[in-house]
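Secondary and tertiary structure notes
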Amino acid sequence: MAEIAELKSVNEQGEVVTCACAMGDLSDFESVPVDRRVLVIGGGITGITAAIDLGNAGYKVVMVERLPSVGGRMLQLSETFPTLDCAQCTLTPRTVESGQHPNVTLKTSCEVEGLEGEPGNFKFLIRQKPTYVDWNKCTGCGTCVEKCPSKGFALFERDAGRMPAIYTLSPQAVPNKPQIDPDRCRFLTRGKCGVCSKVCPVGAIDYEQQESFFTIEAGAVIVATGFDIYDWKKLMPEYGGGRIPDVIDGLTMERYLSASGPTAGKMVRPSDGKTPKEVVFIQCVASRNPEFHKSYCSRLCCMYTAKHARLYKHKVHDGQAYIFYIDIRSTGKGYEQFIQQSVSEEGIVYIRGRAAKLYQKDDKVMVQGADTLTGKKIEIAADLVVLAAAIVPNEGSEKLARILGIECNKDGFFVEENYKFAPVMSGRQGVYLAGCCQGAKDIADSAAQGSAAASRVQVFLSSYRNRMNREAV
Amino acid sequence: MKTIISGDQIKSDFINRVSEISGENFFNCYQCGNCSAGCPSVDEMDLLPSQVVRYLQLGLAEEVKNCKSMWVCAACTMCHARCPKGVDISKIMEALRVLRLREVNAQPRVDLTDFSQDYLERAPQIAIISGCRKFLPL
Amino acid sequence: MRYSYFPGCTLYTKAKKLDDAGRECSLKLGFELDELPDWTCCGATFPLVNDQHMLMSGPTRILADTKDRGDDKLVALCSVCYNVLKRTNHVMLNDEERRAKITDFIERDYHGEVEVLHYLQVLRDEIGFDALKEKVVKPLEGLKVACYYGCLLLRPVKEIGLDRMENPTIFEDFIRALGAEPVDFPFKIECCGAFQTVNSMATATRCSREILSNAVQNGADLVITTCPLCQFNLDDRQPEILKEDPAFTTIPVFYFTQLLAVALGLDSGNLGFERNFINPLELLQEKGLV
Ligand code: SF4
Ligand code: SF4
């Protein structure tokens, strides 16, 4: 029987160090091949960056994504700070590359349901959700999407617009094949309609499709499941609790501002489609609030709120934008300059304080706030209020943590091994973290972590020279 | 006019006493202003509730002692109910009031003889009693 | 069901209608409010500083009396009494040092054994709003009600715990059980100015004006409350508000028990509607409810 023994030795600096080593009868260990394939969970910009890096390094990668196309949150964005590049224009080359890369396989509408094996030889159980479209037949012509009569609320468009029941997430979606939302589809809910099936020239619509399961084998996995927005509608009645239509969150604002959004970039408000003339932005909504909500800073809101106000001003020249802030955190490269320009040149009024309450009065949203610099209680009759609500881990993170055998903190973010020196390593060998699932961060930092995780995976897989020892079973 | 602040002032007896009997740590406050945004009495105040806390953080005892805000605070506790850091300004305001009302030459803050017989007949006891308790020397 | 009942000073005099209607309705609903013998004033203020124990001796004695007569529940109708008793009981339960000081001083043995209930809580948790609905003989159809909670019925939530602080609904659920329609009322938890009415009357006037205007804007026919101090400010400040703003729409303000009495078919004439500044009787007649 082999034992793990602790050996003490002296390193070059003369310090005594401890290392662990297998001693005794090594026949208890067997040498097994290390699987050099990698699974990436989450097809946002972080996962895409990691997948392309690994693919370029010669590793075979499978990327699973729960939505029907890759791109993640960036798909929803308008322009990105601090350069105001069009998000779709910067994202599309990357989604396309991930889709065409010879070493990268996309598995969309898929979720990880189980894990067996050990580091170096994982076996993942994947659930393939039905798309109700046979993608082998579908040519991506889009006729079905055009003709679908059942437009409704879709999480992707937030409160900014509706989506047909058969849809793709963007005109440049990768893969560019539609899927049916079973909750919105008239045929699947009521057995009537069938328009898409009638108009599809290749007969790809398949209402009978069922979910299926398959396995993916890989030596390592990168978790890049991203973020969601705090459920302020349910948890913040002081901001109307979702009952005031013209109170929206930042992600909804992105859909309004996005040229590929439901209003084609036209700035209107949800209640009556009018152009809002007085717009109030509120930062730190549910963030930095240990008493009732989230204690952490969400890190993006200062920047994207300044961006929202600017983009709004670019669209509505005679509009007035106000930003309630407590502090401005603009530590990225070029960020502070972006803020300064917003403050001094864009006609945006920054109000230092918080808004305590919002309520509807006629067609206005009344904002009760304070400006701590003048020492005044402030009231603004707004046409639209945009909440920079806290960043939270995506739904299902805790379940995924259990499956993967890694840890979540009390807010549900995955816990890294060492925040400073091993931020992309989970506590478990072979499982790596990247992007917002580990903590709120912007696109630049997320992409950096994607690359960092890809690099760590390569270190891990190559350090065993294809084989590793494991305890014999 | 410049205001001089010092460690001695910040740790002065009065400031410590306010903290002690209110049970509140002023340094929990990060000056977001949420309390002031929801306070019903701000119109009649000279310092916002958040400013009262700020003055206490800086040890500006005289300014705080003489501010009007504590006397128009309605003890509604809205400030506390919404403070992201759990600071209970209603307790701080009460601490300031009682410390003033316990001073040797404390003057009553309300004069019940000012009220007409008619008013006293209409007003509920709870108004008069709680008013007396908040505004008469202890 | 039988509960110990603490009416409080104001309900014996200025807010008699709150008390009368509350007692009459309880009989109709099948629970008994057994008034505590020889009760004293609750003090009408809960001490917000931690070195003012005297103010808690009164309410502690009231709680100990309830315990000593063998009851474990004490019902209050007035928001102020409810708040003072409930917060005092919270100290008795959770703060050993202060409890020892107070109980030593009043020479009583009390450890927070009594549960303080608001009348609305009895209706919701013990009777049930569905059962209440069944007992309604005159549904208040067509009546649009602004349910005003004010401060003391709700806050601080961690100590009171009757309902959530922002957008509570117990009052609206009650009103629906009576067949009336609660209106959207964002100012339902704002302060009326409370005891500032004896010091900074401008505060009470302004606060009342904002609350009432908000009720009117949202289409309310009337405002109901549980608190004699709120009722007083909201009703009594209206002539002053009218002086400041002749365009102000007046609105009747009355106690929830009065409305309950109307719905249960009790004789509202005996319940003293005429004592309000803005008389609700006209409104109720107009709606065919009395
Ligand atoms: S709400 Fe709390 S943290 Fe914010 S300013 Fe007021 S006391 Fe300070
Ligand atoms: S308790 Fe006093 S300071 Fe706090 S919100 Fe109410 S009136 Fe303002």
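A quick note: this is a predicted structure, and the numbers were derived from the prediction, not measured. (Residues numbered from 1 in each chain as written. Chains lettered and ligands numbered in written order. Predicted model: local features only at pLDDT ≥ 70, side-chain atom pairs only at ≥ 80, totals over all residues. Heavy atoms only, no water.)

Some details on the overall build of chain C
Within chain C one finds 14 helices and eight strands. Its C-alpha atoms give chain C a radius of gyration of 19 Å, near enough to 19 Å, the size a compact globule of 290 residues would have. Buried positions account for 63% of the 290 residues belonging to chain C. Put simply, 77% of the contacts in chain C that link residues at least 6 apart link residues at least 24 apart. Within chain C, one finds 32 positive and 44 negative side-chain charges whose respective centroids are separated by 1 Å. (Helix = DSSP H or I, 4+ residues; strand = E, 2+ residues; numbered from the N terminus. Rg over C-alpha atoms; globule rule 2.2 N^0.38 Å. Buried < 20%, exposed > 50% of the residue type's maximum accessible area, 1.4 Å probe, protein only. Contact = heavy atoms within 4.5 Å. Lys, Arg positive; Asp, Glu negative; His and termini not counted. Charge placed at Lys NZ, Arg CZ, Asp CG, Glu CD.)

Observations regarding the interface of chain A and chain C
Listed by partner, the interface residues are nine residues for chain A and 11 residues for chain C. Buried area between chain A and chain C, summed over both chains or domains, comes out near 860 Å², and the portion from carbon and sulfur atoms is 44%. For the interface between chain A and chain C, the tally reads three salt bridges. As a salt-bridge pair, Asp184 of chain C and Arg243 of chain A come within 3.2 Å of each other at their nearest N and O atoms. Here chain A is connected to chain C by four residue pairs in polar contact (both at pLDDT 80 or more). Among the elements that take part in the side of chain A that touches chain C, strand S22 (residues 355–361) of chain A stands out by supplying three residues, more than any other. The class makeup of the residues in the side of chain A that touches chain C is two nonpolar, one polar and six charged. (Buried area = accessible area lost by both parts, 1.4 Å probe. Salt bridge = Lys/Arg side-chain N within 4 Å of Asp/Glu carboxyl O. Polar contact = N/O pair within 3.5 Å; in protein donor to acceptor, adjacent residues only side chain to side chain. Nonpolar A, V, L, I, M, F, W, Y, C, P; charged D, E, K, R; others polar.)

Details of the site of ligand 1
The immediate surroundings of ligand 1 are formed by 13 residues, with Cys29, Cys32, Gly33, Cys35 and Cys83 of chain B found nearest. The residue inventory of the shell around ligand 1, partitioned by class, reads eight nonpolar, four polar and one charged. (Near = heavy atom within 4 Å.)

Some words on the packing of aromatic side chains
Here the distance between the centres and the angle between the planes together describe a pair of aromatic rings. Residue and element names in this part refer to chain A. Tallied over the full model, the rule gives 21 aromatic pairs over all chains. Seen from their ring centres, Tyr296 and Phe413 are 5.3 Å apart, and the 70° between their planes marks the pair as edge-to-face. Taken together, the positions of Tyr296 in the loop between strand S19 (278–285) and helix H8 (301–315) and Phe413 in the loop between helix H10 (397–404) and strand S27 (431–433) put the pair 117 residues apart, joining distant regions of the chain. For Phe413, a relative accessible area of 4% gives the class buried. (Phe/Tyr/Trp six-rings, centres within 6.5 Å; stacked < 30°, edge-to-face > 60°.)

Focus on empty space enclosed by the protein
All names here are of chain C. Per the stated rule, a full pass over the model turns up 10 cavities of 30 Å³ or more. In this structure, the largest cavity spans a volume of roughly 300 Å³. Ranked by the residues each element gives to the lining of the largest cavity, the list is headed by helix H4 (residues 79–94), at five residues. For the lining of the largest cavity, the class distribution of residues is 19 nonpolar, six polar and two charged. Residue-level mapping places the lining of the largest cavity at the junction of two domains, with at least three residues from each of domain 1 (2–119) and domain 2 (137–286). (1 Å grid on protein atoms, 1.4 Å probe; cavity = no way out; pocket = protein on both sides within 12 Å on 5 of 7 lines; lining within 4 Å. Points joined across faces, edges and corners; volume = space filled by probe spheres on them. Domains from an automatic or database assignment.)

Let's talk about unusual backbone geometry
The step from Phe81 of chain A to Pro82 of chain A runs through a cis peptide bond, and the omega angle for that step is 0°. Tracing the backbone shows Pro82 of chain A in the loop between strand S6 (79–80) and strand S7 (85–86). Note the cis peptide between Arg155 of chain C and Pro156 of chain C, where omega equals -5°. Mapped onto the secondary structure, Pro156 of chain C falls in the loop between strand S5 (144–147) and helix H8 (157–160). Positive phi is not limited to glycine here, since Tyr132 of chain A has a value of about 65°. The exposure class of Tyr132 of chain A is buried, given its relative accessible area of 11%. Despite not being glycine, Asp362 of chain A has its phi angle at roughly 50°, a positive value. Relative to the assigned elements, Asp362 of chain A resides in the loop between S22 and strand S23 (364–371). With relative accessibility at 66%, the residue Asp362 of chain A sits in the exposed group.

Some words on the site of ligand 2
Surrounding ligand 2, one finds 13 residues, the nearest of these being Cys39, Cys73, Ala74, Cys76 and Cys79 of chain B. Grouping the constituent residues of the shell around ligand 2 by class yields 10 nonpolar, three polar and no charged.

What about the pairing of S23 of chain A?
Residue and element names in this part refer to chain A. Where burial is concerned, most of S23 is hidden: seven out of the eight residues are buried. Two strands pair when backbone bridges link them, and S22 and S23 are joined in this way by six bridges, in the antiparallel orientation. Considered in S23, the bridge of Ala355 is made with Gly369. Bridge count for S23 against strand S24 (residues 376–382) is seven bridges, and the pairing is antiparallel. Its bridge partner being in S24, Gly369 is matched across the sheet by Ile378. With antiparallel pairing between neighbouring strands as the criterion, S23 and S24 make up a hairpin whose turn holds four residues, including Gly375 at a positive phi of roughly 75°. (Pairing = 2+ DSSP bridges.)

What to know about the sheet that holds strand S2 (residues 32–35) of chain C
Residue and element names in this part refer to chain C. Judged by pairing direction, the sheet is parallel, and its four strands sit side by side in the order S2-S1-S3-S4 without closing on themselves. Only two strands of the sheet have a single neighbouring strand rather than two, namely S2 and strand S4 (115–118). Mean inter-strand twist for the sheet, computed between neighbouring axes without regard to direction, equals 45°. Across three bridges, strand S1 (residues 2–6) lies against strand S3 (residues 73–76) in parallel orientation. Looking across to S3, one finds that Ser4 is bridged to Leu74. Along the sheet, helix H6 (residues 119–127) contacts S1, S2, S3 and S4; its crossing angle with S4, the most-contacted strand, is approximately 90°. (Axes fitted to C-alpha atoms, helices over the stretch in contact; angles between N-to-C directions.)

Details of helix H2 (residues 87–100) of chain A
Residues and elements named next belong to chain A. Its 14 residues place the ends of H2 20 Å apart at the C-alpha level, agreeing with the 20 Å of an ideal helix rising 1.5 Å per residue. Within the sequence span of H2, burial applies to Ala87, Gln88, Leu91, Thr92, Thr95 and Ser98. Projected down its long axis, H2 shows its buried positions confined to an angular sector of 135°, all on one face. In H2, the exposed positions angled more than 90 degrees off the buried face are occupied by Cys89 and Gln100. (Expected span 1.5 Å × (residues − 1). Arc of directions from axis to C-beta.)

Concerning H10 of chain A
Owing to its 3.6 residues per turn, the α-helix aligns residues three or four sequence positions apart on the same side. Residue and element names in this part refer to chain A. Of all the residues in H10, the buried ones are Ser397, Leu400, Ala401, Ile403 and Leu404. Projected down its long axis, H10 carries its buried residues within an arc of 160°, all on one side. If you follow the buried residues of H10, they end up packed against strand S4 (38–41), strand S9 (110–118), strand S10 (121–128), strand S16 (220–223), strand S26 (391–393) and S27. Where H10 ends, the next residue or the one after it, Gly405, has phi of about 70°, a positive value.

Concerning the interface of chain B and chain C
Listed by partner, the interface residues are 47 residues for chain B and 44 residues for chain C. In total, about 3700 Å² of surface goes out of reach between chain B and chain C, with carbon and sulfur atoms giving 59% of it. Interface area lost by chain B to chain C is led by Gln125, Ile126 and Arg133 of chain B, which between them contribute 16%. Among the salt bridges present, the one from Arg17 of chain B reaches Asp51 of chain C, with a minimum N-O distance of 3.2 Å. Taken together, chain B and chain C are joined by 24 residue pairs in polar contact (both at pLDDT 80 or more). The set of elements that each furnish at least two residues to the side of chain B that touches chain C consists of helix H2 (13–22), helix H6 (69–72), helix H7 (78–82), helix H8 (89–101), helix H9 (117–122) and helix H10 (125–135) of chain B.

A short note on the packing of H2 of chain B against H8 of chain B
All names here are of chain B. Where H2 meets H8, the axes come as close as 9 Å, and the angle between the chain directions of the two elements is 125°. Considering the angle they form, H2 stands oblique to H8. Crossing angle aside, the handedness with which H2 passes H8 is right-handed. On the side of H2, the interface is formed by Phe14, Arg17, Val18, Ile21 and Ser22, while H8 contributes Lys91, Ile92, Ala95, Leu96, Val98 and Leu99. Considering only residue class, the contact of H2 with H8 consists of eight nonpolar, one polar and two charged. (Parallel < 35°, antiparallel > 145°, perpendicular 65-115°, else oblique. Left-handed = near helix turned anticlockwise from the far one by under 90°.)

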